[in-house]
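Below are the chains, spelled out letter by letter.
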Amino acid sequence: MREAAHPGQIVAFPAQKPSPEATRAHRGPLCDTRDRLREEPQTSTREPVIQEPEASEASETTGAEPEATRRAAGVTESSRANRGWWDRNADEYQVEHGTFLGDDRFVWCPEGLDEVEAELLGPVEDLKGKDVLEIGAGAAQCSRWLTAQGARPVALDLSHRQLQHALRIGGSFPLVCADATVLPFADGSFDLACSAYGALPFVADPRLVLREVRRVLRPGGRFVFSVTHPLRWALPDEPGPEGLTVSTSYFDRTPYVEQDDEGRAVYVEHHRTLGDRVRDVVTSGFRLVDLVEPEWPDWNTSEWGGWSPLRGHLIPGTAIFVCERD
């Protein structure tokens, strides 16, 4: 699809890495469109636009329950599997977590840390007029909040189905369906970038994402991203007492894979130790400004997968990396 990005539609780019010529062709028109969007009156809609999945997507939902295992999974396999998983599970995800996330809040993690209070992207009053890229946007709740602060966000996600939920809720910013390891934007297009549990845990080589984000940021630009705290990898993903007992090595970086009965991955998650994450940030050309480990607040009584008040009061569940491009 080569159409320019307008509110009310999703611009899609290939999941696989295109040729350099194709990449350059993608980057130019979209950035031009973002300039035009700033000058045109914007409208939003809350009309449901969710469509039935295509036959190829629907066929993947049939068959036996996937098998959970630990094995190698490369860049291409991880991207294909996770794109399919999020397309199939976007509806359930938004039903289950949509109320907690809200339509126009910027929530960093299951602990409930809100950007209004955290100001990890900087003071709220300084966001006005800033170009911001949200990676792994889902239904674009964060981009909607950024728009309300006067920023100019672009919401990007690998899953077309997730972005359909962004259309359903509405908004006046571009939606881009693309792989975070090959961002379809020109160098130096954004002042800020953010990712709340998007992309980084699901790619085989997070440095591909970090280097792409650095490329599209302007000098001095900030990138803030949250991921599952690496400590959690050694523990069962359970909210109760069983989730407090070490069951595997923290240093075992073998990916967690769910696969079908033919051995094809349908979901992949990758582990990096805390040291790995820091080295990934630094070797990708960023300066690590802060590492935030949100504490579980007393007001939060909800459970989200393996996150719960019980575990949250004892061990960290989220790590947020605040990075700057020199």
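Data block above holds the structure.
What you see is a predicted model, and the numbers here were worked out from it, not measured in a lab.

What follows is about the overall build of the chain. Across its full length, the chain holds nine helices and eleven strands. Counting the 326 residues in the chain, one finds 51% classified as buried. Within the chain, contacts between residues at least 6 apart in sequence are counted, and of these 72% link residues at least 24 apart. Summed over its atoms, the accessible surface of the chain is roughly 14800 Å², and 51% of this surface lies on carbon and sulfur atoms.

So, on to a nonpolar patch on the surface. Together, Leu-244, Leu-310 and Leu-314 make up a nonpolar patch on the protein surface, roughly 260 Å² of accessible area in all. Following the sequence through the fold, Leu-310 ends up in helix H9 (residues 309-312). A relative accessible area of 38% places Leu-310 in the partly exposed class.

Taken as a whole and judged by the stated rule, the model has zero disulfides. Here Cys-194 stays unpaired: no disulfide links it, and the sulfur of Cys-142, its closest cysteine neighbor, is 6.0 Å away.

For the rest of this paragraph, the subject is the sheet that holds strand E5 (residues 175-177). Strand order in the open sheet formed by eight strands is E1-E5-E4-E3-E6-E7-E11-E10, with mixed pairing between adjacent strands. Since the sheet does not close on itself, it has two edges, and those belong to strand E1 (10-12) and strand E10 (286-292), each with one partner. Averaged over all pairs of adjacent strands, the angle between their axes in this sheet comes to 20 degrees, without regard to strand direction. Pairing of strand E3 (residues 131-135) with strand E6 (residues 190-196), which is carried by three bridges, proceeds in the parallel orientation. When the bridges of E6 are listed, Val-132 appears paired with Leu-192. Against the sheet, helix H8 (residues 274-283) touches strand E7 (217-228), E10 and strand E11 (318-325), its axis set at about 145 degrees to E10.

Another aspect to go through is unusual backbone geometry. Non-glycine residue Glu-119 carries a positive phi angle of around 50 degrees. Along the polypeptide, Glu-119 turns up in the loop between helix H4 (115-118) and E3. Residue Glu-119 is classed as partly exposed on the basis of its relative accessible area, which comes to 34%. We note that Ala-140 has phi near 65 degrees; this positive angle belongs to a residue other than glycine. Within the fold, Ala-140 resides in the loop between E3 and helix H5 (141-148).

Okay, the packing of aromatic side chains next. Under the counting rule described, the total for this entry stands at 16 aromatic pairs. Within the aromatic cluster, the residues linked to one another by ring pairs are Trp-85, Trp-86, Tyr-93, Phe-100, Phe-202, Tyr-256, Tyr-267 and Trp-304.

Right, let's get into empty space enclosed by the protein. This structure, assessed with the given rule, holds three cavities of 30 Å³ or more. Taken as a whole, the second largest cavity spans an internal volume of roughly 40 Å³. For the second largest cavity, the full set of lining residues is Val-75, Ser-79, Asp-179, Thr-181, Val-203, Ala-204, Asp-205 and Leu-208. Along the lines of polarity and charge, the residues of the lining of the second largest cavity split into four nonpolar, two polar and two charged.

Most of strand E9 (residues 265-269) is tucked away: four of the five residues are buried. Strand direction decides the pairing type here: strand E8 (residues 256-259) and E9, joined by four bridges, are antiparallel. Note that in E9 the partner of Glu-258 across the bridge is Tyr-267. Adjacent in sequence and paired antiparallel, E8 and E9 are bridged by five residues, among which Gly-263 carries a positive phi angle near 85 degrees.

A few words on the nonpolar core. Grouped together as the largest cluster of nonpolar side chains are 29 residues, with contacts concentrated most on Leu-133, Phe-185, Val-213, Phe-223 and Phe-225. At the level of elements, E3, strand E4 (152-157), E6, helix H7 (206-216), E7 and E11 are the ones that each hand at least two residues to this core. In this structure Val-213 touches Ile-135, Leu-183, Ala-193, Phe-223 and Phe-286, once residues within four positions along its chain are discounted. Among the nonpolar cores identified, the runner-up in size contains 25 residues, and Phe-100, Trp-108, Leu-121 and Leu-192 belong to it.

So, on to the packing of H7 against H8. Between H7 and H8, the least distance of the axes is 9 Å, while the angle of their chain directions is 35 degrees. Handedness of the crossing formed by H7 with H8: right-handed. Residue-level inspection shows Pro-206, Arg-207 and Leu-210 of H7 in contact with H8, the latter providing Arg-277, Asp-280, Val-281 and Thr-283. Counted by class, the contact of H7 with H8 contains three nonpolar, one polar and three charged residues.

Attention now goes to the environment of Asp-157. Looking at the secondary structure, you find Asp-157 in strand E4. Using a relative accessible area of 8% as the deciding quantity, one classes Asp-157 as buried. Distance in space between the C-alpha atoms of Asp-157 and Ala-199 is 8.3 Å, their sequence separation being 42 residues. With near-sequence residues (within four places) excluded, Asp-157 lies in contact with Gly-136, Ala-137, Gly-138, Gln-162, Leu-163, Val-176, Cys-177 and Ala-178. Among the polar contacts listed, one links the side chain of Asp-157 to the backbone nitrogen of Ala-137, at a separation of 3.2 Å.

Definitions and limits used
Residues numbered from 1 in each chain as written. Predicted model: local features only at pLDDT ≥ 70, side-chain atom pairs only at ≥ 80, totals over all residues. Heavy atoms only, no water. Helix = DSSP H or I, 4+ residues; strand = E, 2+ residues; numbered from the N terminus. Buried < 20%, exposed > 50% of the residue type's maximum accessible area, 1.4 Å probe, protein only. Contact = heavy atoms within 4.5 Å. Areas by Shrake-Rupley, 256 points an atom, 1.4 Å probe, with all protein chains shown as cover. Patch = residues over 30% accessible without salt bridge, like charges linked within 9 Å, V, L, I, M, F, W, Y side chains within 5 Å. Salt bridge = Lys/Arg side-chain N within 4 Å of Asp/Glu carboxyl O. Disulfide = S-S within 2.5 Å. Pairing = 2+ DSSP bridges. Axes fitted to C-alpha atoms, helices over the stretch in contact; angles between N-to-C directions. Phe/Tyr/Trp six-rings, centres within 6.5 Å; stacked < 30°, edge-to-face > 60°. 1 Å grid on protein atoms, 1.4 Å probe; cavity = no way out; pocket = protein on both sides within 12 Å on 5 of 7 lines; lining within 4 Å. Points joined across faces, edges and corners; volume = space filled by probe spheres on them. Nonpolar A, V, L, I, M, F, W, Y, C, P; charged D, E, K, R; others polar. Core = buried A, V, L, I, M, F, W, Y, C linked by side-chain atoms within 4.5 Å. Left-handed = near helix turned anticlockwise from the far one by under 90°. Polar contact = N/O pair within 3.5 Å; in protein donor to acceptor, adjacent residues only side chain to side chain.

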